[in-house]
Amino acid sequence: DSHIQYERVGADVTMKCGSMDWDAAVTWTANGTDIDESHLNGSYLILKKVDLTQSGQYSCYEGSSWHLKYQTYLRVGTPPKEPLLMCRSNNYPKGFYCSWHLPTPTYIPNSFNISVIHGTKEMVCEKDVFPKNRCHIRYLQLFSTVKYKVTLTVTNALGKNSTTLTFDEFAIVKPDPPESVVAKPVPNNPRRLEVSWQNPSSWPDPESFPLKFFLRYRPLILDQWQHVELSDGTSHTITDAYAGKEYIIQVAAKDNDIGTWSDWSVAVHATPWTEEPKHLTTEAQVT
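Below: a short report on this structure. Here the structure is a predicted model, which means the values were calculated and not measured.

What counts and what doesn't
Residues numbered from 1 in each chain as written. Predicted model: local features only at pLDDT ≥ 70, side-chain atom pairs only at ≥ 80, totals over all residues. Heavy atoms only, no water. Helix = DSSP H or I, 4+ residues; strand = E, 2+ residues; numbered from the N terminus. Rg over C-alpha atoms; globule rule 2.2 N^0.38 Å. Buried < 20%, exposed > 50% of the residue type's maximum accessible area, 1.4 Å probe, protein only. Contact = heavy atoms within 4.5 Å. Areas by Shrake-Rupley, 256 points an atom, 1.4 Å probe, with all protein chains shown as cover. Lys, Arg positive; Asp, Glu negative; His and termini not counted. Charge placed at Lys NZ, Arg CZ, Asp CG, Glu CD. Pairing = 2+ DSSP bridges. Axes fitted to C-alpha atoms, helices over the stretch in contact; angles between N-to-C directions. 1 Å grid on protein atoms, 1.4 Å probe; cavity = no way out; pocket = protein on both sides within 12 Å on 5 of 7 lines; lining within 4 Å. Points joined across faces, edges and corners; volume = space filled by probe spheres on them. Nonpolar A, V, L, I, M, F, W, Y, C, P; charged D, E, K, R; others polar. Polar contact = N/O pair within 3.5 Å; in protein donor to acceptor, adjacent residues only side chain to side chain. Phe/Tyr/Trp six-rings, centres within 6.5 Å; stacked < 30°, edge-to-face > 60°. Lys NZ or Arg CZ within 6 Å of the ring centre and 35° of its normal. Salt bridge = Lys/Arg side-chain N within 4 Å of Asp/Glu carboxyl O.

## Looking at the overall build of the chain
Line of reasoning, step 1. Secondary structure assignment for the chain yields 0 helices and 23 strands.
Line of reasoning, step 2. The C-alpha atoms of the chain give a radius of gyration of 32 Å, which is well past the 19 Å a tight globule of 287 residues would have.
Line of reasoning, step 3. Seen along its three principal axes, the alpha-carbon backbone of the chain occupies a region of about 120 × 75 × 25 Å.
Line of reasoning, step 4. Sorting the 287 residues of the chain into buried and exposed places 39% on the buried side.
Line of reasoning, step 5. Pairs at least 24 residues apart make up 62% of the contacts formed inside the chain by residues separated by at least 6 positions.
Line of reasoning, step 6. Surface accessibility of the chain: about 16900 Å² in total, with carbon and sulfur atoms responsible for 50%.
Line of reasoning, step 7. Each charge class in the chain can be summarised by its mean position, and for the 27 positive and 32 negative side chains these summaries are 4 Å apart.

## Details of the sheet that holds strand β16 (residues 159-167)
Line of reasoning, step 1. Spatially, the 4 strands line up as an open sheet ordered β12-β11-β15-β16, and their pairing is antiparallel. Every interior strand has two partners, whereas the edge strands, β12 (121-123) and β16, have only one. Pairs of neighbouring strands in the sheet enclose a mean axial angle of 25°, with direction left out of account.
Line of reasoning, step 2. Here strand β11 (residues 111-118) pairs with strand β15 (residues 148-156) via 8 bridges, running antiparallel. Bridged to Asn 113 within β15 is Thr 153.

## Quick look at the layout of surface pockets
Line of reasoning, step 1. Volume-wise, the largest pocket comes out at about 170 Å³.
Line of reasoning, step 2. If you go around the largest pocket, the residues you meet are Asn 90, Asn 91, Lys 94, Gly 95, Phe 96, Tyr 97, Asp 128, Arg 134, His 136, Ile 137 and Arg 138.
Line of reasoning, step 3. Those elements that provide at least two residues to the lining of the largest pocket are β10 (95-101) and β14 (134-138).
Line of reasoning, step 4. Broken down by element, the lining of the largest pocket gets its largest block of residues, 4 residues, from β14.
Line of reasoning, step 5. Residues that form the lining of the largest pocket fall into these classes: 3 nonpolar, 4 polar and 4 charged.

## Things to note about the side chain of Ser 144
Line of reasoning, step 1. Residue placement: Ser 144 occurs in the loop between β14 and β15.
Line of reasoning, step 2. Taking relative accessible area as the criterion, Ser 144 reaches 6% and is therefore assigned buried.
Line of reasoning, step 3. Within the structure, Ser 144 has its side chain in polar contact with the side chain of His 118 (distance 3.1 Å).
Line of reasoning, step 4. Dropping the residues within four chain positions of it, Ser 144 is found in contact with His 118 and Glu 169.

## A word on the packing of aromatic side chains
Line of reasoning, step 1. Inspection of the entire model under this criterion finds 14 aromatic pairs.
Line of reasoning, step 2. Between Tyr 61 and Trp 66, the aromatic rings sit 5.0 Å apart at their centres with planes inclined by 40°, giving tilted as the arrangement.
Line of reasoning, step 3. Overall, Trp 66 belongs to the partly exposed group, its relative accessible area being 44%.
Line of reasoning, step 4. Judged by centre distance (5.2 Å) and plane angle (40°), the rings of Phe 214 and Trp 261 are tilted. Taken as a pair, Phe 214 in strand β19 (residues 211-219) and Trp 261 in the loop between β22 (247-255) and β23 (268-270) lie far apart in primary sequence, 47 residues in all.
Line of reasoning, step 5. By relative accessible area, Phe 214 is classed as partly exposed at 22%.
Line of reasoning, step 6. The rings of Tyr 92, Phe 96, Tyr 139, Tyr 148, Phe 167 and Phe 209 are connected pair by pair, giving a single aromatic cluster.
Line of reasoning, step 7. Looking at Arg 218, its charged tip hangs above the ring of Trp 225, at a distance of 4.7 Å from the centre.

## Let's talk about the pattern of salt bridges
Line of reasoning, step 1. All chains considered together, the criterion is met by 6 salt bridges.
Line of reasoning, step 2. We note a salt bridge from Arg 134 to Asp 128, for which the minimum N-O separation is 3.1 Å.
Line of reasoning, step 3. With a relative accessible area of 26%, Arg 134 lands in the partly exposed category.

## What to know about the sheet that holds strand β6 (residues 44-47)
Line of reasoning, step 1. If you walk across this open sheet you meet the 3 strands as β2-β6-β5, and the pairing is antiparallel. For this open sheet the edge positions go to β2 (13-15) and β5 (40-41), each flanked by a neighbour on one side alone.
Line of reasoning, step 2. Where β2 lies against β6, 3 bridges are found, and the strand directions are antiparallel. Looking across to β6, one finds that Thr 14 is bridged to Ile 46.

## Here's the deal with the pairing of β11
A regular strand places its side chains so that they alternate between the two faces of the sheet.
Line of reasoning, step 1. As judged from the 3 bridges shared by β11 and β12, these two strands associate in the antiparallel manner. Pairing of Ile 117 across the sheet is with Glu 122, part of β12.
Line of reasoning, step 2. The turn linking β11 back onto β12 is made up of 2 residues, and Gly 119 within it adopts a positive phi angle of 70°.

Below is the structure:
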C-alpha cells in the first residue's frame, strides 16, 4: 500500500506504520536510510516542523522480519498564494489572451482553472500548448460595452486561492512593439538620422485599425530622451541629432483610438554622417 501524503512547511507530521500496533517493534527509513529511534513514538514516526528537505519516500518495516508494512511519499509544500493574472489583446480585433503565474512556488503540483464571463455568457478560453500558463479568447461580438470578468482559481492538496479581473474589451488593447527597426545616417547631412520600422506582425489589420507610433532617441552620452509622436507612417527623419555622436533609438506602437502603448522595440544604434577628413599635403618650399 503506497500513496502520497502532502504536508505544509512547518507542520508536525505523524505517520502510522500501516495496521501495526502502536507498541510493535518497527524500523522507519527515509529514502532508504534508517531513521533514528528518537523520532519514534511507539511505532509512529513523528516529524516536527517539516521543511522542504524532508520530502521523499518513507517506509516502515516490521522489526524482526523486515517485511515492508507501509510506504508513503511525503511531499512538503505550501498552499497557493493569490495568483497573478494578466489579460491583453495584442491582435485586436481578433481576441485577447490571459496569462498567469504564482508569486511564490508551492513545491507541490497546482491545478489552474480559468473562467471567462461576458455578460451572462461563459466563454471558452482555449489553453495554449506553450506557454502552458496561458489561454486565448476569440471576440465573438466587437465593440461591446459589456465588461469581461475573468476568474482564475489555483488549487493544490494544501489549499486554494483565486483572483478576478473585470475589464472592457478596449482597455486591454496593447500591441506588440514595432519590428525591424532600422536607423541610417543621411549622406551629407551631419544632423540627420533616417528611422524606419514595421507594424508588429501580430497586429492583424492595420488598414482598419491603424497604429500610431512614439519614437524616442538620445545620444549615448546623455540620459535624457527626446520624443516624437507620429500619427501615421512607419518612418521618421530625426533632424536635430548631434553631429558625430552615436544614438540609441526605440519605437512604441498604440492603436489610434483605444488601449495603451506597447513596450519599446529592440533598441537600435546609429551615428549621423560625418565628412571624411581631407588629407592635407604640404609641399616643401623650394629655395
